[in-house]
Amino acid sequence: MQKVITLLVIFISINCYSQKTYKLKIESSGIFPSFEHIVDVRHYSEEDIKVYFSEYTGEDDLSETDSLRYRQLRYKKNRTAEDNREMMNIIDASKIFTKKCMVVSHKDRLIQLADSIINSKEEILFEIKNNKNRVIIDGIQVSVTVTNKSGIGYFYPIHNPDKKNYILFSEFLDEAYKFFPKP
């Protein structure tokens, strides 16, 4: 019995520690007005929490090789999903972002919201399932990637977070937009 209790305590301790060590990357973009932001929270310990804010500012010219490859893919007949991904990767590689980094306290509201996102996986998946048929004509696209210390992660596609749907993400973005011009 003692061994079972000891193992249970160790398991709970490891589980609690692993939830406190994460990387949360939230990419938000919209068309009207056009914007693209990335908020990257790296929560490795209570003393080492870094937040990177990136804002899209333009594109570099494509290299000759990339330009040629992009044109080949663009005019290819029967283009596949893999071809489309490669085209997007070429364009994404040419994007220029301005970047700021801040060391933030675990008591900061942004970190508390990030912790809530990490700890609410089931609720978020349930909300995504309930909103799968929600139609948004002009809204914000949000891509959320969560990675733990071991490199294992998951992804949430969030469409137009607001005060009624995806409230946690709406609050997180409102807090993050204190560092960016709001779109």
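Throughout, residues of each chain are indexed from 1 in the direction in which the sequence is written. Reporting of local features is limited, given that this is a predicted model, to residues whose pLDDT is at least 70; pairs of side-chain atoms are given and counted only at 80 or more, and all residues count toward the totals for whole chains, interfaces and linings. Hydrogen atoms and water are omitted, and side-chain values are computed over all heavy atoms in the structure.

Peer 1: What should I look at first to understand the sheet that holds strand 5 (residues 141–148) in this one?
Peer 2: In a beta sheet, neighbouring strands pair by backbone hydrogen bonds and run either parallel or antiparallel. Here we have six strands laid out as an open sheet, ordered 4-3-2-1-5-6, and antiparallel in their pairing. Where the open sheet ends on each side, the last strands, each with one partner, are strand 4 (95–103) and strand 6 (153–159). With direction set aside, neighbouring strand axes in the sheet form an average angle of 15°. Pairing of strand 1 (residues 22–30) with strand 5, which is carried by eight bridges, proceeds in the antiparallel orientation. Following the sheet pairing, Tyr-22 is matched in strand 5 by Asn-148. Two strands form a pair only when DSSP identifies at least two bridges running between them. Secondary structure elements are defined from DSSP: runs of H or I of at least 4 residues count as helices, runs of E of at least 2 residues count as strands, and each element is numbered from the N terminus. The convention used is that axes are lines fitted to C-alpha atoms, helices contributing only their stretch in contact, and that angles between N-to-C directions extend from 0 to 180 degrees.

Peer 1: Looking at this model, I keep getting lost on the nonpolar core. Mind explaining?
Peer 2: Side chains that are nonpolar tend, in soluble globular proteins, to be buried together. Put simply, buried Ala, Val, Leu, Ile, Met, Phe, Trp, Tyr and Cys residues joined by side-chain atoms within 4.5 Å make one nonpolar core. Any residue under 20% of the maximum accessible area for its type is buried, any over 50% is exposed, and the rest in between are partly exposed; the area is computed with a 1.4 Å probe on protein chains only. Counting residues in hydrophobic clusters, the biggest one holds 30 residues, and the most contacted among them are Leu-24, Ile-26, Val-41, Val-144, Phe-169 and Phe-172. Elements that contribute at least two residues to this core include exactly strand 1, strand 2 (35–43), strand 3 (49–59), helix 4 (109–119), helix 5 (121–130), strand 5, strand 6 and helix 6 (167–176). At six residues, helix 4 tops the list of elements feeding residues into this core.

Peer 1: How should I be thinking about the packing of helix 4 against helix 6 in this particular structure?
Peer 2: When two helices pack together, their arrangement is captured by the angle between the axes and the distance separating the axes. In the contact formed by helix 4 and helix 6, the axes pass within 9 Å of each other and the chain directions differ by 155°. Here helix 4 is positioned roughly antiparallel relative to helix 6, judged by the angle of their axes. Seen along the crossing, helix 4 lies across helix 6 with a hand that is left-handed. Facing helix 4, whose interface residues are Arg-109, Leu-110, Leu-113, Ala-114, Ser-116 and Ile-117, helix 6 presents Leu-168, Phe-169, Glu-171, Phe-172, Glu-175 and Ala-176. Residues are grouped as follows: Ala, Val, Leu, Ile, Met, Phe, Trp, Tyr, Cys and Pro are nonpolar; Asp, Glu, Lys and Arg are charged; all remaining types, including Gly, are polar. By residue class, the composition of the contact of helix 4 with helix 6 is eight nonpolar, one polar and three charged. For this classification, under 35 degrees means roughly parallel, over 145 means roughly antiparallel, 65 to 115 means roughly perpendicular, and everything else is oblique. Rotating anticlockwise by less than a right angle from the far helix to the near helix defines a left-handed crossing, while the corresponding clockwise rotation defines a right-handed one. Here, two residues are considered to be in contact whenever any of their heavy atoms come within 4.5 Å of each other.

Peer 1: How do you make sense of the environment of Tyr-156 when you look at a structure like this?
Peer 2: The topology assignment puts Tyr-156 in strand 6. Taking C-alpha positions, Tyr-156 is 8.2 Å from Ile-124, a pair spaced 32 residues apart along the chain. Not counting the four nearest positions on each side in its chain, Tyr-156 is found in contact with Lys-121, Ile-124, Leu-125, Ile-128, Val-142, Ser-143, Val-144, Val-146 and Phe-169.

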